[in-house]
Amino acid sequence: MTNPKIKITETKLLSDNWYTLNKVTFDYQLGNKETESHIREVYDRGNGAAILLYNRTKKTVVLTRQFRMPTFLNGNKTGMMIEVCAGLLDQENAEAAIIRETEEETGYRLSKVEKVIETYMSPGSVTEILYLFTGEYDETMKTNEGGGLDHEQENIEVLEYTFDEAYKMIESGEILDAKTILLLQHAKIKGLI
Ligand SMILES: Nc1nc2c(ncn2[C@@H]2O[C@H](COP(=O)(O)OP(=O)(O)O[C@H]3O[C@H](CO)[C@@H](O)[C@H](O)[C@@H]3O)[C@@H](O)[C@H]2O)c(=O)[nH]1
Ligand SMILES: [Mg+2]
């Protein structure tokens, strides 16, 4: 945090039930040296990582489907979301985290992944940086059925689509998740599959 024009004057914790929501008050210096006082609510749930699993030979991708309450509350009728495999970082780095998460959620144990980009997904309200990866999978890497950790009640379905099917699901509105759209478009632009 090195911006001389910004001075945080108060951070008030509004909620720390699961993740943390703070109300941050800060002085924002305008060009003419005047300052304005601003208030922003900031939700911190740590950083995350996501990965597009693809198979060049079969021309397929592995995606997941799970219930996402926030979408259910805002226009997504069933609340079900088709997404690339993703998870929040524990103490480990993003690469180790996504390799662990891939095995938990999809059952594939990857030994290598490619970093694509990092992105703030909702910079006006959420602190999270999302680290995006791609990784090649095949049946020899399968160690379990996936589905996520039972104690986290994730109930994740593992889906395999051809790349063309998945790509069409962006236009049809069956895929509504930004990180998934980004990674599928990345694969298209780079001709990965
Ligand atoms: N009890 C309880 N459990 C929670 C709560 N919030 C999250 N959890 C649990 O914490 C798990 C987190 O699962 P991860 O796989 O680590 O994270 P994710 O939810 O898949 O996160 C990914 O997708 C998000 C949505 O696109 C991304 O925001 C995030 O960066 C990441 O990519 C959830 O499945 C759920 O079991 C909560 O408020 N209460
Ligand atoms: Mg997840």
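Conventions and cut-offs
- Residues numbered from 1 in each chain as written.
- Chains lettered and ligands numbered in written order.
- Predicted model: local features only at pLDDT ≥ 70, side-chain atom pairs only at ≥ 80, totals over all residues.
- Heavy atoms only, no water.
- UniProt positions renumbered as here; feature names shortened; annotations may be inferred.
- Helix = DSSP H or I, 4+ residues; strand = E, 2+ residues; numbered from the N terminus.
- Axes fitted to C-alpha atoms, helices over the stretch in contact; angles between N-to-C directions.
- Parallel < 35°, antiparallel > 145°, perpendicular 65-115°, else oblique.
- Left-handed = near helix turned anticlockwise from the far one by under 90°.
- Contact = heavy atoms within 4.5 Å.
- Nonpolar A, V, L, I, M, F, W, Y, C, P; charged D, E, K, R; others polar.
- Domains from an automatic or database assignment.
- Buried area = accessible area lost by both parts, 1.4 Å probe.
- Salt bridge = Lys/Arg side-chain N within 4 Å of Asp/Glu carboxyl O.
- Polar contact = N/O pair within 3.5 Å; in protein donor to acceptor, adjacent residues only side chain to side chain.
- Buried < 20%, exposed > 50% of the residue type's maximum accessible area, 1.4 Å probe, protein only.
- Arc of directions from axis to C-beta.
- Donors = N, O, S within 2.8 Å, 3.2 Å for Na, K, Ca; no water.
- Pairing = 2+ DSSP bridges.

Under an unreviewed UniProt entry, the name given to the protein chain is GDP-mannose pyrophosphatase, and the source organism is Flavobacterium cupriresistens. Here the protein chain is described in UniProt, under the heading Sequence similarities (unreviewed entry), as follows: "Belongs to the Nudix hydrolase family. NudK subfamily." As its UniProt record puts it under Cofactor (unreviewed entry), the protein chain is described as follows: "Mg(2+)".

Enquirer: Looking at this structure, how should I read the UniProt feature "domain: Nudix hydrolase" (unreviewed entry) in the protein chain?
Expert: UniProt feature "domain: Nudix hydrolase" (unreviewed entry): in the numbering of this structure it lies at residues 44-183. For residues 44-183, the helix share is 23%, the strand share is 33%, and the end-to-end C-alpha distance is 24 Å.

Enquirer: Explanation requested: the packing of helix α3 (residues 163-171) against helix α4 (residues 178-190) in the structure shown.
Expert: When two helices pack together, their arrangement is given by the angle between the helix axes and the distance between those axes. Their axes nearest at 10 Å, the elements α3 and α4 cross at an angle of 130°. Here α3 is positioned oblique relative to α4, judged by the angle of their axes. Here α3 and α4 pass one another in a crossing that is left-handed. Across from Phe 163, Ala 166, Tyr 167 and Ile 170 in α3, the residues of α4 making contact are Ile 181, Leu 184, Gln 185, Ala 187 and Lys 188. Split into classes, the residues belonging to the contact of α3 with α4 amount to seven nonpolar, one polar and one charged.

Enquirer: Would you mind showing me how to read the domain arrangement of the protein chain here?
Expert: Interface size, as often reported, equals the accessible area lost upon joining of the parts. Considered domain by domain, the protein chain is made up of domain 1 (6-44) and domain 2 (48-190). Interface area for domain 1 against domain 2, summed over the two sides, is near 360 Å², with a carbon-plus-sulfur share of 51%. At the junction of domain 1 and domain 2, the tally comes to zero salt bridges. Taken together, the connections running from domain 1 to domain 2 amount to three residue pairs in polar contact (both at pLDDT 80 or more). Of the residues belonging to the side of domain 1 that touches domain 2, the class tally is three nonpolar, no polar and two charged.

Enquirer: Would you take a moment to explain α3 for this structure?
Expert: Side chains that are three or four residues apart share a direction in an α-helix, a result of its 3.6 residues per turn. Within α3, burial applies to Phe 163, Ala 166, Met 169 and Ile 170. Down the axis of α3, the buried side of the element spans an arc of 120°, and every buried residue falls inside it. Exposed side of α3, more than 90 degrees from the buried face: Lys 168 and Glu 171 are the residues found there.

Enquirer: For this particular structure, what's the right way to read the coordination of the magnesium ion (ligand 2)?
Expert: For a metal with four donors in a tetrahedral arrangement, the ideal angle between donors is 109.5 degrees, while six donors in an octahedron ideally sit at 90 or 180 degrees. Taken together, Ala 86 (O) and Glu 105 (OE) make up the full set of protein donors to the magnesium ion (ligand 2), lying 2.1 to 2.2 Å away. In this pair, Ala 86 is assigned in strand β7 (residues 85-88) and Glu 105 in helix α2 (residues 94-106), connecting sequence segments 19 residues apart. Across this residue pair, the class does not change: Ala 86 and Glu 105 are buried.

Enquirer: Where do I start with the sheet that holds strand β1 (residues 6-15) in this structure?
Expert: Whenever strands of a sheet pair, they do so through backbone hydrogen bonds, lying parallel or antiparallel. Here we have three strands laid out as an open sheet, ordered β1-β2-β3, and antiparallel in their pairing. Both outer strands of the open sheet, β1 and β3 (35-44), are each paired with one neighbouring strand and no more. This sheet shows a mean twist of 20° between the axes of neighbouring strands, independent of strand direction. Across ten bridges, the pairing between strand β2 (residues 20-29) and β3 is antiparallel. For Leu 21, the partnering residue across the bridge sits in β3 and is Tyr 43.

Enquirer: Help me out: how do you make sense of the pattern of salt bridges in this one?
Expert: Pairing between side chains of opposite charge can happen when the charged atoms of each approach one another. Enumeration according to the criterion identifies 14 salt bridges in this entry. The shortest N-O distance in the salt bridge between Glu 136 and Arg 56 comes to 3.4 Å. With Glu 136 in strand β9 (residues 129-136) and Arg 56 in the loop between β4 (48-55) and β5 (60-67), this residue pair connects regions lying 80 residues apart in the sequence. The partner of Asp 90 in a salt bridge is Arg 100, with the nearest N and O atoms 3.4 Å apart. With a gap of ten residues between them, Asp 90 in the loop between β7 and α2 and Arg 100 in helix α2 connect regions that are remote in the sequence. You can call Arg 100 partly exposed: its relative accessible area is 22%.

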